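Reading the structure
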Amino acid sequence: MFLFYQPKCEIDNVIVVNEELCKMMNFYRGEHHAALLHEFGHFYAYNEYGRGIIDNNVTLSETLADNFVFKLGMGKELISVLHKMRDSGFYTIDYCKNAINWRIDKLIERDKC
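Residues numbered from 1 in each chain as written. Predicted model: local features only at pLDDT ≥ 70, side-chain atom pairs only at ≥ 80, totals over all residues. Heavy atoms only, no water.

Section: the packing of helix α2 (residues 29-49) against helix α5 (residues 75-87)
Helices that pack against each other are described as a pair by the angle of their axes relative to one another and the distance between those axes. Remark: α2 packs on α5, axes separated minimally by 8 Å, with the N-to-C direction vectors making an angle of 90°. By the criterion of interaxial angle, the relationship of α2 to α5 is roughly perpendicular. Contacts between α2 and α5 involve G30, E31, A34, A35 and H38 from the first element and E77, L78, S80, V81 and K84 from the second. Across the contact of α2 with α5, the residue classes tally to four nonpolar, three polar and three charged. (Axes fitted to C-alpha atoms, helices over the stretch in contact; angles between N-to-C directions. Helix = DSSP H or I, 4+ residues; strand = E, 2+ residues; numbered from the N terminus. Parallel < 35°, antiparallel > 145°, perpendicular 65-115°, else oblique. Contact = heavy atoms within 4.5 Å. Nonpolar A, V, L, I, M, F, W, Y, C, P; charged D, E, K, R; others polar.)

Right, dumping it as structure tokens:
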């Protein structure tokens, strides 16, 4: 899977790609791109709103990163990624219920507008 990471060193931000997890979830190219764009969305959110605000609000950070992908026209692909993440068995039931499903619902609502 993809991960936005802030190491404690000279590098400010890193995106890590776990190719094995992507293969396990059977992502196709568009889903790969949507997941990567989501991680770039975190960079956008930091630049737009400031690191202090984003670091203290995971929900806001995820929402802004999801919105970034949606604005670039890859909302359906991101919804597909989130479905695959939820159904993979890799994440806890609570995380799926409280985070992933919430994000899916928000993206579907936005797609209807």
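Re the nonpolar core
In this structure, L78, V81, L82, M85 and I100 are the most contacted members of the largest nonpolar core, which totals 17 residues. At the level of elements, α1 (19-24), α2, α5 and α6 (93-112) are the ones that each hand at least two residues to this core. The greatest single-element share of this core, amounting to five residues, is contributed by α5. Each residue touching L78, except ones within four places of it in the same chain, is listed here: A34, H38, D66, V69 and L107. (Core = buried A, V, L, I, M, F, W, Y, C linked by side-chain atoms within 4.5 Å. Buried < 20%, exposed > 50% of the residue type's maximum accessible area, 1.4 Å probe, protein only.)

Some details on the confidence of the model for the protein chain
Mean pLDDT over the protein chain: 84, with 88% of residues reaching 70 or higher. Ranking the helices and strands of the protein chain by mean pLDDT puts α5 first, with 94, and strand β1 (residues 2-5) last, with 52. (pLDDT = per-residue confidence, 0-100.)

A few points about the packing of aromatic side chains
Under the criterion given, the structure shown has four aromatic pairs. One aromatic cluster is present, built from ring pairs that chain together F90, Y91 and Y95. (Phe/Tyr/Trp six-rings, centres within 6.5 Å; stacked < 30°, edge-to-face > 60°.)

Structural notes on unusual backbone geometry
Of note, N26 is a non-glycine position whose phi angle comes to about 60°, a positive value. Within the fold, N26 resides in the loop between α1 and α2.

Here's the deal with the side chain of E31
In this structure, E31 sits in helix α2. A relative accessible area of 0% means that E31 is categorised as buried. Reaching out from E31, the side chain makes a polar contact with the backbone nitrogen of Y28 at a distance of 2.9 Å. Within the structure, E31 has its side chain in polar contact with the side chain of S80 (distance 2.3 Å). (Polar contact = N/O pair within 3.5 Å; in protein donor to acceptor, adjacent residues only side chain to side chain.)

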